[in-house]
Amino acid sequence: MKVLVLGSGGREHALVRSLAGDPFVTELHAAPGNAGIEQEVTCHPVDAVDGQAVTDLARRLGTELVVIGPEAPLVAGVGDALREAGIAVFGPSAAAARLEGSKAFAKEVMAAANVPTAMARVAATREETVEALDTFGSPYVVKDDGLAAGKGVVVTEDRDAALAHAEECFRAGSTVLIEEYLRGPEVSLFVLCDGRTGIPLSPAQDFKRIHDGDEGPNTGGMGAYTPLDWAPAGLVDEVMDRVANPVLAEMASRGTPFVGVLYCGLALTPRGIRVVEFNVRFGDPETQAVLARLKTPLGSLLLDAAKGRLDEDEQLHWRPASAVAVVLAAHGYPASPRTGDRVHGLKKAAAEPAVTVLHAGTGTAAGKDGHGKVIATGGRVLAVVGRGEGLEAARERAYAGIARIRLEGGQYRTDIAATAAAGTIEVPAAARPPRPSRAATEPAAGADTIIPSMGTTV
């Protein structure tokens, strides 16, 4: 099978690595790729949101499966253009990608599917924002309704900062969601979907804040780890039963079946599980950690999803080791990342035992000797993944690897997976499944939903 991976980030590098290990994948390409990906497969320059350009490239390469990594091409309908050309695609249609493209739409779907989520209101004006902030109180949660590369959310005790973020979104032509704050540990679960059937991967946990101790502004993600030894038994089954499967059924009933990966961002709260957000693609940096453990050939899974033939009874196989991904970010990230700085020590890092370096915002520039040198081209530059028997061993290897890398002004968190490794994560009793069985028509307990505008919250 010939496969084309669309995208240029750390998620795509992880996908390329995993697909390269699938014996069914005979030829692998990426577009546009990055400095790390181009060391492993042939990369092609392309505008990733130009459906015609991507389709032309796939045809020229004789591609049998296109795996779309980022959200922007999905929302732009690149998957639709490829399908119209008869090319199999792992990734949803533009209509189905609205689950990430519009948080208000996602809330509407959750309400219709009876999926438990945070209470929220949509606001389009300062006055509506003020009313919603006062309704939910502090900590304030304000989300840009559209795509924001993982940085459109502000969670703050500062009411003025919350209001300022909303007004910034308004000036950009967007609306916002103001939500209740969900207390409890968060979990990321990827579900491979073929429009009807979903297969869950290993749960992970990521870290959004830029600094240790969850301080500072939100980012696209500063690290992740898997598995979650502290997660309650039966959690994945409950998420499939109460979240993923109802959403798949609701999307199919609307004539927009969901094909691709449904990222379920969850909070384990004192009132039970709640959906924080949906994404319609593999999350970054969770993908780097999760795929480091997957033994089941990935290409075959993704093709089966694209062709609508996933087997819900398939048992995935996982490496027993834990995996920890630590992100190295550029100077000034996330507000104003500096690009062009040289990245040193990559070979030394990759030579560490059980360590993998996955590039994200990297490119090449000619050095004094005429050879290409790796430079930072984006905010999140790379991720170092360590594997080990247990979280502490995986952490040690990931940090041993990242310590080998030098980037002027580079920054990374030193506490990724530290709390989990110490065994101090507490899960509220109400978030511990299994729950009593209930009829499909019975409302989920506490399944708070939103209203598309400033109406009554239920």
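Up top is the structure these notes are about.
All of these numbers come straight from a predicted model, not from anything done at the bench.

1. Concerning helix H2 (residues 51–61)
For step 1, the next point in the chain: Burial in H2 covers these residues: Gly 51, Val 54, Thr 55, Leu 57, Ala 58 and Leu 61. In a view along the axis of H2, the buried residues occupy a sector of 160°, so they form one face of it. Exposed and oriented more than 90 degrees from the buried face of H2 are Arg 59 and Arg 60.
For step 2, the next point in the chain: Buried-residue contacts for H2 involve strand E1 (2–7), strand E2 (27–32), strand E4 (65–68) and helix H4 (78–84).
For step 3, the next point in the chain: The opening residue of H2 is Asp 50, an N-cap whose side-chain oxygen sits 3.1 Å from the backbone nitrogen of Gln 52.

2. Some points on the pairing of strand E14 (residues 215–218)
For step 1, the next point in the chain: Relative to E14, strand E13 (residues 209–211) runs antiparallel, the two being bridged by 2 bridges. Each bridged residue has a counterpart across the sheet, and for Arg 209 the counterpart in E14 is Asn 218.

3. Thoughts on the environment of Ala 418
For step 1, the next point in the chain: Inspection of the secondary structure assignment puts Ala 418 in helix H14 (residues 418–422).
For step 2, the next point in the chain: By relative accessible area, Ala 418 is classed as partly exposed at 27%.
For step 3, the next point in the chain: Sequence separation between Ala 418 and Pro 320 is 98 residues; the distance between their C-alpha atoms is 19 Å.

4. Here's the deal with the nonpolar core
For step 1, the next point in the chain: In this structure, Leu 99, Tyr 225 and Phe 278 are the most contacted members of the largest nonpolar core, which totals 78 residues.
For step 2, the next point in the chain: Of all the elements, helix H9 (residues 235–253) adds the most residues to this core, at 8 residues.
For step 3, the next point in the chain: Contacts of Tyr 225, omitting those with residues within four sequence positions, involve Ala 204, Gln 205, Phe 207, Trp 230, Ala 289, Ala 323, Val 324, Leu 391, Ala 417, Ala 420 and Ile 425.
For step 4, the next point in the chain: Residues Met 1, Val 41, Ala 88 and Phe 90 belong to the second largest nonpolar core, which totals 40 residues.

5. Points about the sheet that holds strand E16 (residues 259–269)
For step 1, the next point in the chain: Read from one edge of the open sheet, 4 strands run E11-E10-E16-E17, paired in antiparallel fashion. Among the strands making up the open sheet, the edge pair consists of strand E11 (198–200) and strand E17 (272–279). This sheet shows a mean twist of 35° between the axes of neighbouring strands, independent of strand direction.
For step 2, the next point in the chain: Relative to E11, strand E10 (residues 186–194) is paired through 3 bridges, and the arrangement is antiparallel. Within the sheet, the bridge partner assigned to Val 191 lies in E11 and is Pro 200.
For step 3, the next point in the chain: Across the sheet, H9 lies against E10, E11, E16 and E17, angled at about 50° from E17, the strand it touches most.

About the thresholds
- Per chain, the residues get numbers from 1 upward, laid out in the order the sequence is written.
- Restriction of local features to residues with pLDDT of at least 70 applies here, the model being predicted, together with a cutoff of 80 or more for giving and counting side-chain atom pairs; totals for whole chains, interfaces and linings are based on all residues.
- Where side-chain values are given, they derive from all heavy atoms of the structure, hydrogens and water being excluded.
- When a residue's accessible area, from a 1.4 Å probe over protein chains only, is under 20% of the maximum for its type it is buried; when over 50% it is exposed; and in between it is partly exposed.
- Per the convention used, a helix needs a DSSP run of H or I reaching at least four residues, while a strand needs a run of E reaching at least two, with both numbered from the N terminus.
- Directions pointing from the helix axis toward each C-beta atom define the arc.
- Here a residue-residue contact requires only that any non-hydrogen atoms of the pair lie within 4.5 Å.
- Identification of polar contacts relies on pairs of N or O atoms within 3.5 Å, with a donor-acceptor requirement for protein atoms, meaning one able to donate a hydrogen and the other able to accept it, and with residues adjacent in sequence counted only if both atoms are side-chain atoms.
- In short, DSSP must find at least two bridges between two strands for them to pair.
- Among the buried residues, those of types Ala, Val, Leu, Ile, Met, Phe, Trp, Tyr and Cys that are joined through side-chain atoms within 4.5 Å form a nonpolar core.
- For helices, the fitted axis covers only the stretch in contact; all axes are lines through C-alpha atoms, and the angles between them, taken along N-to-C directions, range from 0 to 180 degrees.

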